[in-house]
Each structure stands twice: as C-alpha cells, then as structure tokens.
Amino acid sequence: MSAISDPISDMLTRIRNSTKAGHLKVDIPSSKMKIAIARILKDEGFIKNYKLIDDNKQKLLRIYLKYNATNQSAILNLKRISKPGRRVYIGAEDLRPIYNNIGIWILSTSKGIITNKAAKKLNIGGEVVCEIS
C-alpha cells in the first residue's frame, strides 16, 4: 500500500464513502489533527461520537456516523478546501457564514483547529482545512 499524501483528505473521503454506504461507524488512522476535526464534527452535531482505539500499531479514530429518521446522513457535504499542493488561507475579515450558518469551515489557526464561527469571535484567520454542511 502506498503512503497517503493527504491524510485529512483521506479522512474526509472515508467519512463521505461511509455515509453514502449507510455505515454506522468508520475507522481512520489517528492523528492529533484528525481528533481535533472529529471533536468539532461532534460539537457541531455532524457525528454521534468518536473514540480512540489502540490496536498496538497506530491508534485508530473510530467515528460513529449520525443519521436522521429517514436514514439521511447529518453530513450532506464534506469538501477539502486547502490541499498540500494548494494551501488556502483566509483572513479574519473574510470569514462569513457557510450556507446560512448550516455549514461550517474547519480552520487551522494559531489557536488550534477551530470552526469559522470561533475564528470570527477570536478575530483570527487561518488555513481553511475543509467545509462541512
């Protein structure tokens, strides 16, 4: 198996594929950034929960996906914005609501991994990791 050049993109793709297939959970190789993204997804109500599983090699991040009564995923859109080949940064003054506040951007800032709403409150910009709605 070849090394993954963009682990965050891989995480988003795994979540996207799992929701389309109707899976209840998805396992992803863990990293500090992925855990921070999972925490935001849970806080914003896009996933049920997440937990770390130690498989003696690399810790796995297990994400429990969330669906409504009609089995529609809580995540409608999951898009990588900033890629290793093309980084996308945004200033505090350019932060705006995503899809009438239904969606969020996850930003990597000097204050850690936070949502666009939190960044707006703190008046800081950063790298736009992904967009979720």
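Remember, predicted model here, so these are calculated numbers, not experimental data. (Residues numbered from 1 in each chain as written. Predicted model: local features only at pLDDT ≥ 70, side-chain atom pairs only at ≥ 80, totals over all residues. Heavy atoms only, no water.)

A. Geometry of the pattern of salt bridges. Counting across every chain of the model gives 6 salt bridges. Note that R14 and D10 form a salt bridge whose closest N and O atoms lie 2.9 Å from each other. On the criterion of helical spacing, the pair formed by R14 and D10 is a turn pair, its members being 4 residues apart in helix α1 (residues 7-21). Note on D10: relative accessible area 17%, which makes it buried. With a shortest N-O distance of 3.5 Å, K59 and D54 are connected by a salt bridge. (Salt bridge = Lys/Arg side-chain N within 4 Å of Asp/Glu carboxyl O. Helix = DSSP H or I, 4+ residues; strand = E, 2+ residues; numbered from the N terminus. Buried < 20%, exposed > 50% of the residue type's maximum accessible area, 1.4 Å probe, protein only.)

B. Molecular detail of the side chain of R62. Within the secondary structure, R62 sits in strand β3 (residues 59-65). Separated by 2.7 Å, the side chains of R62 and D27 make a polar contact. When neighbours within four sequence positions are excluded, R62 is seen to be in contact with K25, V26, D27, N49, Y50, K51 and I53. (Polar contact = N/O pair within 3.5 Å; in protein donor to acceptor, adjacent residues only side chain to side chain. Contact = heavy atoms within 4.5 Å.)

C. The arrangement of the environment of L65 in detail. Of note, L65 is situated in strand β3. Looking at L65, the relative accessible area reads 2%, which means it is buried. L65 sits 47 residues away from S18 along the chain, and the two C-alpha atoms are 8.3 Å apart. Beyond its immediate sequence surroundings of up to four residues, L65 is in contact with I15, S18, T19, H23, L24, K25, V26, I47 and K48.

D. Molecular detail of the environment of I15. With respect to the element layout, I15 can be found in helix α1. Relative accessible area serves as the criterion here: at 0%, I15 is assigned to the buried category. Each C-alpha atom of the pair I15 and V26 lies 6.7 Å from the other, and the pair is 11 residues apart in sequence. Apart from residues lying up to four places away in sequence, I15 is in contact with V26, I28, L41, I63, L65, I75 and L78.

E. The pairing of β3, seen in detail. Taken together, the 5 bridges between strand β1 (residues 25-29) and β3 define a ladder with antiparallel strand orientation. Paired with K25 across the bridge in β3 is Y64. Summarising the sheet, strand β2 (residues 47-54) and β3 pair through 7 bridges and their orientation is antiparallel. Bridge assignment links I53 to a residue of β3, and that residue is L60. Hairpin geometry of β2 and β3 is characterised by an intervening segment of 4 residues between the two adjacent antiparallel strands and by a positive phi of about 65° at N56. (Pairing = 2+ DSSP bridges.)

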